[in-house]
Amino acid sequence: MSNPATRTVPAYVPEALAASNVGTWRTGQTVQHYITDETAAALFGLDPEQAAEGVPLLNYSRAVHPADRAVFHEKIDRVTEYGGLFVIEYRTMPRAGALRWVLARGRYERDPLTGEMQGRGILIDITESKLDGHVEDRALFIKPHTHKHPLDRAADLAVETRQAIDQVGGHEGQALRHAIDALLWLLGRTLARRNGRRPS
């Protein structure tokens, strides 16, 4: 008989994430190699099948707006060296004439066995809120405040929890991954709504 916990979150979670313009990412072979879902890949104009297999960070950075690219690399280099939680907002150009605003949240930490830095997080398309007249509110890289909003703390902890759960095997690990993915989806929707867009 199947474990009821594995049925807690049905297969609609990836579709729900996409419908809410919330994508997911994680490091692949190294911190210079990233694996993203279809929604995240679209924000960078990448082939979804290749992105699912993993492509170099350079492929993503090429789509970052030229005015944001230097600081993008500076901050990514820093967090991949020292680890920790981060929040980044920047623009991408997935194709000629297209401009998207992205809010990225994630966490990097070293694998206790290999010593390799690993990261995982979510990407939220906040373009609609920017086009609604909030472009002047753009902050390339938002530094954490001492007193974070409860939603921000929850998102950070959820990303950290997802990384820890990745190390759990068997049916228990699978059930926990389903549950935390559903939580990340809900948090992504709520954060997107707070940033001014109405997720479908």
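Residues numbered from 1 in each chain as written. Predicted model: local features only at pLDDT ≥ 70, side-chain atom pairs only at ≥ 80, totals over all residues. Heavy atoms only, no water.

**Notes on the pairing of strand S4 (residues 84-92)**
- The buried fraction of S4 amounts to 8 of the 9 residues, a majority that puts the element mostly inside the structure.
- Pairing geometry for S4 and strand S5 (residues 100-110), over 9 bridges, is antiparallel. Paired with Glu89 across the strands is Leu103, a residue of S5. (Buried < 20%, exposed > 50% of the residue type's maximum accessible area, 1.4 Å probe, protein only. Helix = DSSP H or I, 4+ residues; strand = E, 2+ residues; numbered from the N terminus. Pairing = 2+ DSSP bridges.)

**Quick notes on the nonpolar core**
- Tyr34, Phe44, Tyr60, Tyr90, Tyr108 and Leu123 are the most contacted members of the largest nonpolar core, which has 25 residues in total.
- Mapped onto this core, the elements with two or more residues apiece are helix H2 (38-43), helix H4 (57-61), helix H5 (66-82), S4, S5 and strand S6 (117-125).
- When neighbours within four sequence positions are excluded, Tyr60 is seen to be in contact with Tyr34, Ile35, Thr36, Phe44, Leu46, Ala51 and Val55.
- With 16 residues, the next largest nonpolar core counts Val87, Ile122, Ile126 and Val159 among its residues. (Core = buried A, V, L, I, M, F, W, Y, C linked by side-chain atoms within 4.5 Å. Contact = heavy atoms within 4.5 Å.)

**Description of the environment of Arg107**
- Here Arg107 shows up in strand S5.
- It is 6.3 Å that separates the C-alpha atoms of Arg107 and Glu160, two residues lying 53 residues apart in sequence.
- A polar side-chain atom of Arg107 sits 3.4 Å from a polar atom in the side chain of Glu109. (Polar contact = N/O pair within 3.5 Å; in protein donor to acceptor, adjacent residues only side chain to side chain.)

**A short note on the packing of aromatic side chains**
- For the coordinates displayed, the defined rule picks out 8 aromatic pairs.
- A ring pair is formed by Trp25 and Tyr108, whose centres lie 5.6 Å apart and whose planes are at 35°; its orientation type is tilted. Note that Trp25 is positioned in strand S1 (residues 22-27) and Tyr108 in strand S5, a separation of 83 residues in sequence.
- Ring geometry for Tyr34 and Tyr60: centres 6.4 Å apart, planes at 75°, overall edge-to-face. Linking Tyr34 in strand S2 (residues 33-36) with Tyr60 in helix H4, this pair joins segments that are 26 residues apart in sequence.
- Owing to a relative accessible area of 6%, Tyr34 belongs among the buried residues under this scheme.
- What links up through ring pairs into an aromatic cluster is the set Trp25, Tyr34, Phe44, Tyr60, Phe72, Phe86, Tyr90 and Tyr108. (Phe/Tyr/Trp six-rings, centres within 6.5 Å; stacked < 30°, edge-to-face > 60°.)

**Thoughts on the pattern of salt bridges**
- Evaluation of the coordinates by the stated rule reveals 4 salt bridges.
- Of the charged contacts, one joins Asp68 and Arg91 as a salt bridge, the two residues approaching to 2.8 Å between their closest N and O atoms. Separated by 23 residues along the polypeptide, Asp68 in helix H5 and Arg91 in strand S4 bring together distant segments of the chain.
- On the basis of relative accessible area, Asp68 is assigned to the buried category, the value being 0%.
- Judged by its relative accessible area of 13%, Arg91 is buried.
- Ionic pairing is found between Glu109 and Arg107, a salt bridge with its closest N-O pair at 3.4 Å.
- Residue Arg107 is classed as buried on the basis of its relative accessible area of 16%. (Salt bridge = Lys/Arg side-chain N within 4 Å of Asp/Glu carboxyl O.)

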